[in-house]
Amino acid sequence: NYILSDLGWFTNKRGIPLLIKILQLLITSPSFNVTFWFRIGNYLRDNNYPHPIYYVIQYICIRKKFKTGIDLPLGTKVGHGLLFAHLGCIVVNGSAIIGDYVIISQGVTIGSVRGKLKSSPVIGSNVYIGALCPGPVDTNFNNNAGIKFSAPTISSYKVANYALKKMFKKKM
């Protein structure tokens with residue numbers, strides 16, 4: 001079911017048999033390739049399949065991490081319809097929770113907070129995450145995406161004001 005929802009990002013044409021489409025995307029789409037093996041690995045992990053099979057899938061996932069630059073650890077809770085829009089330098093913390101139909105672009109790190117505020121990010125559904133996505137800045141995006149920060153947020157007005165002051169002083 002998860003693989004079919006990931007496949008939904010790529011299927012526009014009717015009449016192509018499902019197995020052919022999956023094989024075609026495994027060859028031509030690095031994004032689908034990463035999510036496909038991630039889903040298989042999570043299924044095996046969650047259902048306690050024999051260890052040799054799981055270790056082979058785990059090895060494939062590690063190879064995909066180095067080939068694509070997408071670090072998506074097995075065991076991460078990810079909803080239906082995950083898509084990596086561009087490859088390279090994408091890191092997802094294993095304790096993060098990602099909702100349904102999320103698009104993640106290059107240069108994104110979904111990390112966690114250490115220390116007293118120790119927590120992991122929870123990302124809502126129907127979200128696009130790019131490299132310049134706001135951090136702990138209070139914006140309408142945070143409300144729409146269902147993002148909750150464990151650190152206190154800063155108003156977007158203060159951030160823009162600070163950036164403009166630094167820009168005019170040429171310290172940015």
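Per-chain numbering applies: the sequence of each chain, read as written, is numbered from 1 onward. Totals for whole chains, interfaces and linings use every residue, but because this is a predicted model, local features are given only for residues with pLDDT of at least 70 and side-chain atom pairs only at 80 or more, for both listing and counting. With hydrogens and water excluded, all non-hydrogen atoms of the structure serve as input to the side-chain values.

Student: Help me out: how do you make sense of the nonpolar core in this one?
Tutor: Buried together is how nonpolar side chains tend to be arranged in soluble globular proteins. Nine residue types can take part in a nonpolar core, namely buried Ala, Val, Leu, Ile, Met, Phe, Trp, Tyr and Cys, and a core is a set of them joined through side-chain atoms within 4.5 Å. The classification of residues rests on relative accessible area computed with a 1.4 Å probe and restricted to protein chains. Under 20% of the type maximum is buried, over 50% is exposed, and intermediate values are partly exposed. One finds Leu-72, Phe-84, Val-92, Ile-98, Ile-104, Ile-110 and Ile-129 to be the most contacted residues of the largest nonpolar core, which totals 23 residues. Contributing elements (two or more residues each) for this core: helix H3 (30-46), helix H4 (51-68), strand E3 (82-84), strand E4 (90-92), strand E6 (102-104) and strand E9 (127-129). The contact definition used throughout considers only heavy atoms, calling two residues in contact when any of these lie within 4.5 Å. Those residues within four positions of Phe-84 in sequence are excluded, and the remaining contacts are Ser-31, Val-34, Thr-35, Ile-70, Leu-72, Ile-90 and Ile-104. Ile-3, Leu-26, Phe-32 and Phe-36 belong to the second largest nonpolar core, which has 7 residues in total. What counts as a helix is a DSSP run of H or I of at least four residues, what counts as a strand is a run of E of at least two, and both are numbered from the N terminus.

Student: Sorry if this is basic, but what is going on with the packing of H3 against H4 here?
Tutor: Axis lines are fitted to C-alpha atoms, over the contacting stretch for helices. Their N-to-C directions set the angle, which ranges from 0 to 180 degrees. In contact at an axis separation of 9 Å, H3 and H4 are set at 155° when each is read in the N-to-C sense. Judged on the interaxial angle alone, H4 and H3 are roughly antiparallel. Seen along the crossing, H3 lies across H4 with a hand that is left-handed. On H4, the residues that touch Pro-30, Asn-33, Val-34, Trp-37, Phe-38, Ile-40, Gly-41, Leu-44 and Arg-45 of H3 are Ile-53, Tyr-54, Ile-57, Ile-60, Cys-61, Lys-64 and Thr-68. Orientation is classified from the angle alone, with under 35 degrees giving roughly parallel, over 145 giving roughly antiparallel, 65 to 115 giving roughly perpendicular, and any other angle giving oblique. Should the near helix be turned counterclockwise from the far one by less than a right angle, the crossing is left-handed, whereas a clockwise turn marks it as right-handed.

Student: What am I meant to see in the packing of aromatic side chains here?
Tutor: In this description, a pair of aromatic rings is defined by centroid distance and the angle of the planes. Each pair of aromatic rings taken from Phe, Tyr and Trp, with Trp reduced to its six-membered ring, is defined by centres within 6.5 Å and is described as stacked if the planes are under 30 degrees apart, edge-to-face if over 60, and tilted in the remaining cases. In total, this model carries 4 aromatic pairs according to the counting rule given. Residues Phe-32 and Phe-36 carry aromatic rings whose centres are separated by 5.9 Å and whose planes lie at 40° to one another, so their mutual orientation is tilted. Placement of the pair is Phe-32 and Phe-36 together in helix H3, with a separation of 4 residues, close to one helical turn. Taken individually, Phe-32 and Phe-36 each receive the classification buried, so the pair is uniform in this respect. With a centroid separation of 5.9 Å and an interplanar angle of 55°, the aromatic rings of Tyr-54 and Tyr-55 are classed as tilted.

Student: Please clarify how the sheet that holds E3 should be interpreted in this entry.
Tutor: Note: strands within a sheet are paired through backbone hydrogen bonds, in either parallel or antiparallel orientation. The strand order across the open sheet built from 3 strands is E3-E6-E9, with neighbouring strands paired in parallel fashion. Sheet topology places E3 and E9 at the edges, where each strand pairs with a single neighbour. For this sheet the average axis-to-axis angle between neighbouring strands, irrespective of direction, equals 15°. In short, DSSP must find at least two bridges between two strands for them to pair. Both E6 and E9 contribute to a ladder of 3 bridges, which runs parallel. Across the sheet, residue Val-102 finds its bridge partner in E9, namely Val-127.

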